[in-house]
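Here's the letter readout for the chains.
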Amino acid sequence: MTLLAERPVRATAPAGPRRRKRVVLPYLLIAPTLLATAYLLLYPLIRNVIISLQEFGLPQLVRGDAEFVGLANYARVLADPEFWGVVRRTLWFTAINVVLIMVLSTLVALLLVRLNKWLRLLVMGGLVLTWATPIIAATTVFQWLFQSRLGVVNWALTALGFEQYRGYTWFADGEATFGILVTLIVWQSIPFAALSLYAAMITVPQELYEAARIDGAGAWRVFSTITFPMLKAMFGLITCLEVIWVVKAFVQIWVISQGGPGQATTTLPVYAFQVAQSLQRYDLGAAVSMLMVVLLVLALLAYFRQLYRQEREA
Amino acid sequence: MIGRISRTAAALVVFVISVFPVYWMVLTAFKPTKDIQGATPTFLPASITLEHFGTAIAAKGFFSFWRNSLLVAGGAVLLALVVALLAAFAVARLQWKGRRAFVLMVFIAQMTPWEALLIPIYVIARDTGMLDTLWMLTLVYFMITLPFTVVTLRGFLAAIPVDLEEAAQVDGCSRGQAFRRVVFPLLAPGLLATSLFGFITAWNEFAFANVLIIKDQDDRTLPVWLSSFNNTFGTDWGATMAASTLFMLPVLLIFVVLQGRVTTGIVGGAVKG
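Residues numbered from 1 in each chain as written. Chains lettered and ligands numbered in written order. Predicted model: local features only at pLDDT ≥ 70, side-chain atom pairs only at ≥ 80, totals over all residues.

A. Representation of the environment of Leu181 of chain A. Residue and element names in this part refer to chain A. By the element assignment, Leu181 lies in helix 8 (residues 174-201). Expressed as a C-alpha distance, the spacing of Leu181 and Phe142, which sit 39 residues apart in the sequence, is 9.1 Å. Setting aside residues up to four positions removed in sequence, Leu181 forms contacts with Gln252, Ile253, Ile256 and Thr265. (Helix = DSSP H or I, 4+ residues; strand = E, 2+ residues; numbered from the N terminus. Contact = placed C-beta atoms within 7 Å.)

B. Region of the structure containing the nonpolar core. Residues and elements named next belong to chain B. Ala84, Ala88, Leu137 and Val140 are the most contacted members of the largest nonpolar core, which totals 166 residues. Top contributing element to this core by residue count: helix 4 (residues 62-93), with 17 residues. Of the domains in this structure, domain 1 (1-49) and domain 2 (61-271) are the two that each give at least three residues to this core. Excluding its chain neighbours within four sequence positions, the residues that come into contact with Leu137 are Val72, Phe208, Ala209, Leu212 and Ile213. (Core = buried A, V, L, I, M, F, W, Y, C linked by C-beta atoms within 7 Å. Buried ≥ 20, exposed ≤ 12 C-beta atoms within 10 Å, placed from the backbone. Domains from an automatic or database assignment.)

C. Quick peek at the environment of Ala219 of chain A. By the element assignment, Ala219 of chain A lies in helix 10 (residues 219-230). Taking the C-alpha atoms as reference, Ala219 of chain A lies 24 Å from Phe192 of chain A; in sequence the two are 27 residues apart.

D. Broad picture of the UniProt feature "transmembrane region" (unreviewed entry) in chain B. Residue and element names in this part refer to chain B. The sites that UniProt annotates as "transmembrane region" (unreviewed entry) are residues 9-26, 70-90, 102-123, 135-162, 182-203 and 237-258. Split by type, residues 182-203 is 100% helix and 0% strand. Its first and last C-alpha atoms lie 32 Å apart. Secondary structure within residues 237-258 divides into 95% helix and 0% strand; the distance between the first and last C-alpha atoms comes to 31 Å. (UniProt positions renumbered as here; feature names shortened; annotations may be inferred.)

E. Structural context of the domain arrangement of chain B. Residue and element names in this part refer to chain B. Domain assignment breaks chain B into domain 1 (1-49) and domain 2 (61-271). Relative placement of domain 1 and domain 2: their C-alpha centres are 33 Å apart. Taken together, the seven residues of domain 1 in the interface contact six residues of domain 2. Residue assignment for the side of domain 1 that touches domain 2 shows that the elements contributing at least two residues are helix 1 (2-30) and helix 2 (33-36). Looking at the side of domain 1 that touches domain 2 element by element, the count peaks at four residues for helix 1. Here the side of domain 1 that touches domain 2 is composed, by residue class, of four nonpolar, two polar and one charged. (Nonpolar A, V, L, I, M, F, W, Y, C, P; charged D, E, K, R; others polar.)

F. Representation of the packing of helix 8 (residues 162-170) of chain B against helix 9 (residues 175-204) of chain B in the model. Residue and element names in this part refer to chain B. Running from N to C, helix 8 and helix 9 point in directions that differ by 125 degrees, and their axes come no closer than 9 Å. Here helix 8 is positioned oblique relative to helix 9, judged by the angle of their axes. The two elements helix 8 and helix 9 cross, and the hand of that crossing is right-handed. Across the interface between the two elements, Leu164, Glu165, Ala168 and Gln169 from helix 8 touch Arg175, Ala178, Phe179, Arg181, Val182 and Val183 from helix 9. (Axes fitted to C-alpha atoms, helices over the stretch in contact; angles between N-to-C directions. Parallel < 35°, antiparallel > 145°, perpendicular 65-115°, else oblique. Left-handed = near helix turned anticlockwise from the far one by under 90°.)

G. Structural context of helix 5 (residues 117-132) of chain A. Compared with an ideal rise of 1.5 Å per residue, which puts 16 residues at 22 Å, helix 5 of chain A spans 22 Å between its outermost C-alpha atoms and is within 8% of the ideal. The set of residues buried in helix 5 of chain A consists of Val123, Met124, Gly126, Leu127, Val128, Thr130, Trp131 and Ala132 of chain A. (Expected span 1.5 Å × (residues − 1).)

H. Just the confidence of the model for chain B, in detail. All names here are of chain B. When the pLDDT values of chain B are averaged, the result is 87; 94% of them are 70 or greater. Averaged pLDDT values for the elements of chain B fall to 47 in helix 14 (residues 259-271) and rise to 94 in helix 4. Here residues 262-273 is modelled with pLDDT under 50, and outside its nearest four sequence neighbours on either side it reaches 20 contacts, counting other chains as well. (pLDDT = per-residue confidence, 0-100.)

I. Fine view of the UniProt feature "transmembrane region" (unreviewed entry) in chain A. Residue and element names in this part refer to chain A. Under the UniProt annotation, the feature "transmembrane region" (unreviewed entry) is placed at residues 24-46, 91-113, 125-146, 178-201, 222-247 and 284-304. Secondary structure across residues 91-113 divides into 100% helix and 0% strand, with the first and last C-alpha atoms of the span separated by 33 Å. Along residues 178-201, the helical share is 100% and the strand share 0%, with 33 Å between the first and last C-alpha atoms.

J. A look at the environment of Phe179 of chain B. All names here are of chain B. Counting through the fold element by element, Phe179 comes out in helix 9. Here the alpha-carbon distance between Phe179 and Glu165, two residues 14 residues apart in the chain, equals 6.8 Å. Excluding residues that lie within four positions of it along the chain, Phe179 makes contacts with Glu165 and Phe184.

K. The interface of chain A and chain B, seen in detail. Tallying the contact residues gives 71 residues for chain A and 75 residues for chain B. Looking at the side of chain A that touches chain B, the element that brings in the most residues is helix 1 (residues 17-52) of chain A, giving 15 residues. Residues that form the side of chain A that touches chain B fall into these classes: 54 nonpolar, eleven polar and six charged.

Here it is as structure tokens:
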């Protein structure tokens, strides 16, 4: 599918009254999409900007008489050390997740290329099953896996000799909860990344690998001099997508820990929601979510640049 | 030889890690309570019980949550399909000014960080009296799936040669007839695949359902209900896993129906737009 080079559509130039119809028709056809986008996407976005520039708490929500306060909300958020703690945590969380996702997915994709047909189908089937697991089902199962008394993880760790995990309460500890969330998100993200990378890898001409092997290149050298350079754009694209997905990951965190214990797993989207919903400071929540949008737009620009490159190479 | 063995071992490890959580969920759902609470877990089904599924189905409101989820996801997908088909036709088949800008808009809309719009959509829903209605949720899910639906349908449409339509028109069909009789049957698999994927997105959605349905607990959808399993089932993990399994079942069925497209079509669609 091409973004830049639109497929040429056959030019038709019918004469007379039909011509007018032709001119109007496309706009009629896209009108519902435009209307929906305007009301359900653009308007909420603008409304978010407006709320972030107002004093908007519970009284204003009920009475509807919010007043503009300029950039006061942004000033307050940006001066709050708690916010910067959340930003740092979000970046750290994103970095760990994305690095793990990309490294493990690359390894899985390289493995898939080298497997015989049956094993490959088996592994792909497993990945698709993971992919198909709804987030809420996954969060529920992970809570069960890591349950303190009956959870299978504690049983396995105790059986392996780690006595300190007998009855260990994972979700009472900040770092442990953080680790479980990383595990969950990485587990859920690998199928898409690994299968996409695999699909790209099989497009690399086999002769290149054979030539390299004849020259005596090892596995790492083949990867770093052939596979990676050939698929650089694809790696960039998937990395950008994963960054975007991890930064805005909300449901997993909210359902498992609500950002806790303490603030241990509060990332930007969770923080914005907490401020708005629990403290009923919709104005501050809106400001935080706008700052998150700015962060995401940066990642998105990188993504579109990669997409542009990919289109040009394809 | 050593290479082959280690590759096979690695493949099995990846497989087990991918499958284990889901396997454990289903296994727990079928295990008798005394096995679930046993000191040593059993990894193979020794004896099977349907008791937990009974508990899950008997839970208060179970069927209305199913109905709500089906209504909202189904409504959103149907709406998105109709609206997107019109737009996709305009983009793939007609020539007009602003087409490229429109396509770019759809691409950008596809990347919307919906998590950042929870607050304004809550406020808008409240202002317009749409809070606690399934309509609002349907509209939001419609908008979430719309850009993806436009992009994918446009891809499917572009793959159908224009010549077929023109041939039909030469044979005396009107443009509308040509579309209905020639293009539509060819497009049907694409429509099915696209709508099923939209359905999964809406079926799984949690954040908006959690924010927009507050007062009337009977109007909740399955994900929100399941996320608060502690309130419903307490520490009855068998019933919780049975409810999760039932929730996942439709999604799994859809994946099985679409197996071929899942790895090729959607990966291509998602990555290359």
